[in-house]
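# Structural features, examined
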Amino acid sequence: MTRLWGIVLNWIAVGLAEDIPVGTVVPRRVDGLDLAIWRSGLGRFHAWDDRCPHRGMRLSHGFVRGEVLACVYHGWQYNLDGACDYIPAHPDLTPPKTICANTYVCETRNQALWVALGTVNGDVPDIGDRIPIRSLDISCGAPAIARYFDHPQDPLIVLRGKYDLAIALQPSTSRSCFAHVFAGAGQDKKIVSRYVEKLRDELEAA
Ligand code: FES
């Protein structure tokens, strides 16, 4: 469960769908919690604790094989429910159901990737028909960024100034966050990308 501004956040943005190709796994941090985000061979997204139930190796170091995620250390394989269904050293063994990765609800909407760390409550945030631009690492806490843009309690910031932007904040730690940026259709991606770099520099200076 993630709390910011004294409220529980239902959905946290963890990236752009296009940045996680089919068959890959990447690490993400949300409010100090390490996640492994992976995309199965059929293109489905999953968010799990980045910790193998066997001996704690990071699952984000593992590899995707079709619809399973395999740990890089001893090769234990976990199915879409997070349950271990194959142990290479004991190929004839049916692993106990208790061996299971900790999983979270993970959804995509308009090319944005969202995770619910607690009980799902409410719809995935809507960024409209904006298109993905990029993700930026910002050395600044999410609450300070939201205040800067006068969205004091909102992890989804919509700006309609020079450019039409939606910025979904992913608080990584108390002093840093990722900003996943989307822009209205028809805007030049390179120009908008440079503009948000300038915004980042201003935020970090402030
Ligand atoms: S630590 Fe993951 S399989 Fe052993």
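Below you will find a few notes about this structure. Values in this document were obtained by computation on a predicted structure and should not be read as measured data.

Before going further, it helps to examine the overall build of the protein chain. For the protein chain, the helix and strand inventory stands at two helices and 16 strands. For the protein chain, whose C-alpha radius of gyration is 18 Å, the value lies close to the compact-globule estimate of 17 Å for 206 residues. C-alpha extents for the protein chain along the principal axes are approximately 60 × 35 × 30 Å. When burial is assessed residue by residue, the protein chain has 47% of its 206 residues classed as buried.

An α-helix turns once per 3.6 residues; consequently, residues spaced three or four apart project the same way. Compared with the 24 Å implied by 1.5 Å per residue over 17 residues, the 24 Å span of helix α2 (residues 189-205) between its first and last C-alpha is a close match. Those residues of α2 lying buried are Val192, Ser193, Val196, Leu199 and Leu203. For α2, the angular spread of the buried residues around the axis is 115°, confining them to a single face. Exposed residues pointing more than 90 degrees away from the buried face of α2 are listed as Lys190, Arg194, Lys198 and Ala205. Against the buried residues of α2 lie β13 (131-138), α1 (142-148), β14 (156-160), β15 (164-173) and β16 (176-183). For α2, the side-chain oxygen to backbone nitrogen distance between the N-cap and Lys190 is 2.9 Å, and the N-cap itself is Asp188.

Moving on to the packing of aromatic side chains. Using the criterion set out here, one finds four aromatic pairs in the structure. Look at Trp38 and Trp48: their rings are 5.2 Å apart centre to centre, the planes differ by 80°, and that puts the pair in the edge-to-face class. Taken together, the residues Trp38 in strand β5 (residues 33-39) and Trp48 in strand β6 (residues 45-49) connect sequence positions 10 residues apart. These aromatic residues form a ring-pair network of at least three members: Trp38, Trp48 and Tyr78.

Definitions and cut-offs
- Residues numbered from 1 in each chain as written.
- Predicted model: local features only at pLDDT ≥ 70, side-chain atom pairs only at ≥ 80, totals over all residues.
- Heavy atoms only, no water.
- Helix = DSSP H or I, 4+ residues; strand = E, 2+ residues; numbered from the N terminus.
- Rg over C-alpha atoms; globule rule 2.2 N^0.38 Å.
- Buried < 20%, exposed > 50% of the residue type's maximum accessible area, 1.4 Å probe, protein only.
- Expected span 1.5 Å × (residues − 1).
- Arc of directions from axis to C-beta.
- Contact = heavy atoms within 4.5 Å.
- Polar contact = N/O pair within 3.5 Å; in protein donor to acceptor, adjacent residues only side chain to side chain.
- Phe/Tyr/Trp six-rings, centres within 6.5 Å; stacked < 30°, edge-to-face > 60°.

It is worth stressing that arrangement in space is one thing and function is another; only the former is reported here.
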